[in-house]
Amino acid sequence: MDQRPTPYQENVKKSSTSPSTSGHPGLTFVRRAHGVRAGKTFRLLSDGRVEKSDLVRLPEERLALAIHAPVMDVEHLAAILRRAATFPDGHVVLAALLPVFGGRVEDAPHAPLYRRKAENGGPFDPSTSTRILCLDVDGLRVPRALADKPRALADSALELLGLASGAGVVWQWSSSARLSPDEGDLVQARGRVWAVMSEALGCEDLRLWLHAHKTGRLGAARLWADPAVYSCSQPVYTAAPRFEGLQDPFPSPQERWVLLEGPLVDPLPVRAYIEARQEAQDEARCRGLLASLEAATRTTSSRTWSEGSEPGGRLADKIRARLEEHASTPPGGRNPASLALAGWLVGLAEKGWLTLPQVEALFADAVRGFQDPAHHLKILARIARKAGVRS
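Residues numbered from 1 in each chain as written. Predicted model: local features only at pLDDT ≥ 70, side-chain atom pairs only at ≥ 80, totals over all residues. Heavy atoms only, no water.

1. Observations concerning the overall build of the protein chain
Point 1. Within the protein chain, the regular secondary structure consists of 10 helices and 14 strands.
Point 2. For the protein chain, the proportion of its 391 residues judged to be buried stands at 43%.
Point 3. Restricting the contact set of the protein chain to residue pairs at least 6 apart, pairs at least 24 apart contribute 78%.
Point 4. Per element, the accessible surface of the protein chain, about 19600 Å² overall, is 52% carbon and sulfur. (Helix = DSSP H or I, 4+ residues; strand = E, 2+ residues; numbered from the N terminus. Buried < 20%, exposed > 50% of the residue type's maximum accessible area, 1.4 Å probe, protein only. Contact = heavy atoms within 4.5 Å. Areas by Shrake-Rupley, 256 points an atom, 1.4 Å probe, with all protein chains shown as cover.)

Spelled out as structure tokens, the structure:
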């Protein structure tokens, strides 16, 4: 395996003095290498039609600068976004940089801009937590009278997601806003809602919450808010579009950003979704443990289960309790807990109350939700080997 440092790791020394951003999760401002533009282009054709050229994210795109910007409140967020919008080659990413980079990566034009599946494939941290709420609401249909009122548009988006209206937000008019008016009583809102939440939540949790709304799993799919903005390296474009042969409906790029004052967003519906999802996962895991235990007891003779000092019913209850307890062990105590559980289960196998495959199946279910189940299965295998227990 190639042990040479990636271009990002080579920049660690340059960024070692960067301030910690853990107290105020924010967003990451990114500039592309070689001046590659990060915005859309609208071109007037000879037949009067307007052609839109979307920016294409290419695998070989490279990084010139990435710097994490902690965000304190909505006014601070507005200042960062307006500043980001002045760079034609810039955009933002909601994920933070990996901790090894200290909040800043620069002068790495040969480094990949986006994270790959392979290790060290990119600079962004997939486990990021953020206080930034970002809702891309181009699919929101509103009455024509509200189509040009940022406060009404933002409140409509927040309310459809179960969030309180009147919060402090930054409304960003999209690239195509005011270009081609819709016909009819209902028109399409063209913009993005930015806000600061009262607490940091995981980007992956926020992505799943928006996806659940989009697919209708949290009721009617009434708001199409793109969940991809919370993916690890997803660019969120801030640069003003370019116009060729027609006039920008916003004379100044700064007019695309509207600050609406108000309190921080309370993410109560997001927390409720996260807790309900965790409960469902825990319940499914417990069902798996019980099913494995039932299978083990069903294939073991009643005579064997009643031997020794542990009657069958009491032993089954005890195994069930130990497995459930181990599955909920917090990260800091999982290694010693796995050693204890593995030793106990192998002891049952030594007595003939369980076979080694049954022990392995039960133990595998108990560690399924851990970060590295294979590591814990190696602990079990080592203990079984030392005890001389074989299949």
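2. A look at the nonpolar core
Point 1. Ranked by size, the top nonpolar core spans 58 residues in total, and within it L27, L77, L133, L135, W194, W209 and Y230 carry the most contacts.
Point 2. If you look at the next biggest cluster of nonpolar residues, it comprises 21 residues, including F363, V367, L380 and V389. (Core = buried A, V, L, I, M, F, W, Y, C linked by side-chain atoms within 4.5 Å.)

3. Some remarks on the packing of aromatic side chains
Point 1. All chains considered together, the criterion is met by 4 aromatic pairs.
Point 2. Relative to W173, the ring of W171 has its centre 5.5 Å away and its plane inclined at 80°; by these criteria the two rings are edge-to-face. Pair check on accessibility: W171 and W173 agree, each one buried.
Point 3. With a centroid separation of 6.1 Å and an interplanar angle of 35°, the aromatic rings of W173 and F250 are classed as tilted. Taken together, the residues W173 in strand β9 (residues 169–173) and F250 in the loop between β13 (242–244) and β14 (257–260) connect sequence positions 77 residues apart. Side by side, W173 and F250 carry an identical accessibility label, which is buried.
Point 4. Through a chain of ring-to-ring contacts, three or more aromatic side chains come together here, namely W171, W173 and F250.
Point 5. For the cation-ring pair, R322 lies above W344, with the distance from its terminal atom to the ring centre recorded as 4.6 Å.
Point 6. The cationic tip of R334 hangs over the ring face of F370; the distance from NZ or CZ to the ring centre is 4.1 Å. (Phe/Tyr/Trp six-rings, centres within 6.5 Å; stacked < 30°, edge-to-face > 60°. Lys NZ or Arg CZ within 6 Å of the ring centre and 35° of its normal.)

4. Brief notes about the confidence of the model for the protein chain
Point 1. Confidence in the prediction for the protein chain averages 77 pLDDT; 76% of positions are at 70 or higher.
Point 2. pLDDT under 50 marks residues 116–121. Its contacts with residues more than four places away, or in other chains, come to 8 contacts.
Point 3. Here residues 299–313 scores under 50 on pLDDT; set against residues more than four positions off or in separate chains, the count is 24 contacts. (pLDDT = per-residue confidence, 0-100.)

5. Quick notes on the environment of K149
Point 1. Within the fold, K149 resides in the loop between β8 (141–143) and α3 (150–160).
Point 2. Put simply, K149 and W171 are 22 residues apart on the chain and 9.9 Å apart in space, counted from C-alpha to C-alpha.

6. Some thoughts on the pairing of strand β1 (residues 27–32)
Point 1. With 5 of 6 residues buried, β1 is to be regarded as a mostly interior element.
Point 2. Summarising the sheet, β1 and strand β4 (residues 63–69) pair through 6 bridges and their orientation is antiparallel. If you follow R32 over to β4, its bridge partner there is L63.
Point 3. As judged from the 4 bridges shared by β1 and strand β5 (residues 90–93), these two strands associate in the antiparallel manner. In the strand pairing of β5, V30 is matched with H91. (Pairing = 2+ DSSP bridges.)

7. Brief notes about helix α8 (residues 334–350)
Point 1. For α8, with 17 residues, the first-to-last C-alpha span of 24 Å sits near the 24 Å given by 1.5 Å per residue.
Point 2. Of the residues making up α8, those classed as buried are R334, S338, L341, A342, W344, L345, V346, G347, L348 and A349.
Point 3. Downstream of α8 by a residue or two, G352 has a phi angle that is positive, lying close to 85°. (Expected span 1.5 Å × (residues − 1).)

8. A closer look at the sheet that holds β14
Point 1. If you walk across this open sheet you meet the 4 strands as β7-β11-β9-β14, and the pairing is antiparallel. Taken across any chain shown, the strands that pair with only one partner, and hence form the sheet edges, are β7 (129–136) and β14. On average, each strand axis in the sheet is inclined to that of its neighbour by 25°, with strand direction left out of account.
Point 2. Relative to strand β11 (residues 191–202), β9 is paired through 5 bridges, and the arrangement is antiparallel. Residue pairing for β11: W171 is matched across the bridge by V193.
Point 3. Running at roughly 110° to β9, α3 makes contact with β7, β9, β11 and β14 of the sheet. (Axes fitted to C-alpha atoms, helices over the stretch in contact; angles between N-to-C directions.)

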